[in-house]
Amino acid sequence: MADKDGLKVAKDYHIDEDFGNQKAFHVKGCNNLDWGMKKHLSNIFDPKSGNTVMFAFDHGYFMGSTAGLERLDLVVPKLFPAVDVLMGTRGAIRSCIPPNCGKSIALRVSSGSSMLNDDLSHEVIAVDMEDSIRMNADCVAVQTFIGADGQLSSIDNLSRTINAANRYSVPVLGVVAVGKDMERTDRFFKLATRIIAEMGASIIKTYYCDNFEEVVAACPVPIVVAGGKKLPEEEALTLAYRSIQGGAKGLDMGRNIFQSEHSLEMAFAIRKIVHEGFTDKEALEFYKDSIGGR
Ligand code: R5P
């Protein structure tokens, strides 16, 4: 472990320079991976735009029935045309998602707390690699609690999952958790995303923040930005636009899609930003046109 005395402040991020080991493959930091990993990652990240629209509906794993997700069987299939990846639990996917949906699967495999707990940071790996492969998951998602009480066990969960997933060329999506007492600063997100990437995750889900470009530059694998609590549509589209402008390779939104009054139109507006280079203003116009007078 490096000596902490006399640490210098990291500041040389070269944010104007492209990533150094990109070569032919379109997913950042994944050029050296094998065919199976690259195939899964290509199912997630569109080879043309390089980006992805993930739809998160895994909230039930600790929140139970969530406003807007009361009927997964009705809500999720409606959004298929607008999203690339479905991020959910195995129970939700097996019971409510038709296997011929043609969508990539990001399978949540960590669990162990509920909203009745004060401390959500202690989890276990609830889904083993064998069942993840049976689900044909394109990646498995592990919540990671850097700086929280459960840090050690969540890094253990993450590492064990990466060790198991690497045997079968399944990418791991490391999810940065933010507890109610944790800072949402670029300092924290640089620390958390970098630790998770260095553990070996192939994709990181984190939050947008000031100096987001530096968070992206310091993270050697692609970042997808989490949505968070429901915002007015205009603000959510600005968040999506700033994230992509800042170097995110996609959005992984839940409530900002499924709690929107016009969830499909909202998902399509986000898609325009992610895959077609729309600005937030253009996407908002598109959204308003799509909902018409409704
Ligand atoms: C995020 O860390 C978890 O995967 C959540 O359950 C979910 O993805 C949150 O989505 P959103 O905050 O966009 O509703």
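See the structure above.
Only a predicted model underlies this, so the values are computations on that prediction, with no experimental measurement involved.

1. Notes on the site of the ligand
Lining the immediate environment of the ligand, one finds 13 residues, of which Asp58, His59, Lys205, Gly254 and Arg255 sit closest. Contacts to the ligand include Gly228, whose backbone N or O atom sits 3.0 Å from an oxygen atom. With respect to the pocket detection grid, the ligand is positioned in the largest pocket. Residue classes in the shell around the ligand are distributed as four nonpolar, five polar and four charged.

2. Details of the packing of aromatic side chains
On inspection of all chains with the given rule, the structure shows seven aromatic pairs. Ring geometry for Phe55 against Phe258: centres 6.2 Å apart, planes inclined by 80°, an arrangement best described as edge-to-face. One end of the pair, Phe55, is in strand β1 (residues 52-56); the other, Phe258, is in helix α10 (residues 255-258), with 203 residues separating them in the sequence. Each member of the pair, Phe55 together with Phe258, is buried. Seen in terms of ring centroids, Tyr61 and Phe62 are 5.1 Å apart; in terms of plane orientation they differ by 65°. Their pairing is edge-to-face. Among the residues examined, Tyr61 registers a relative accessible area of 15% and is labelled buried. Judged by relative accessible area, which is 23%, Phe62 ranks as partly exposed.

The rules behind the values
Residues numbered from 1 in each chain as written. Predicted model: local features only at pLDDT ≥ 70, side-chain atom pairs only at ≥ 80, totals over all residues. Heavy atoms only, no water. Near = heavy atom within 4 Å. Polar contact = N/O pair within 3.5 Å; in protein donor to acceptor, adjacent residues only side chain to side chain. 1 Å grid on protein atoms, 1.4 Å probe; cavity = no way out; pocket = protein on both sides within 12 Å on 5 of 7 lines; lining within 4 Å. Sits in = over half its atoms within 2 Å of the grid points. Nonpolar A, V, L, I, M, F, W, Y, C, P; charged D, E, K, R; others polar. Phe/Tyr/Trp six-rings, centres within 6.5 Å; stacked < 30°, edge-to-face > 60°. Helix = DSSP H or I, 4+ residues; strand = E, 2+ residues; numbered from the N terminus. Buried < 20%, exposed > 50% of the residue type's maximum accessible area, 1.4 Å probe, protein only.

The quantities given are spatial measurements derived from coordinates; they are silent on function.
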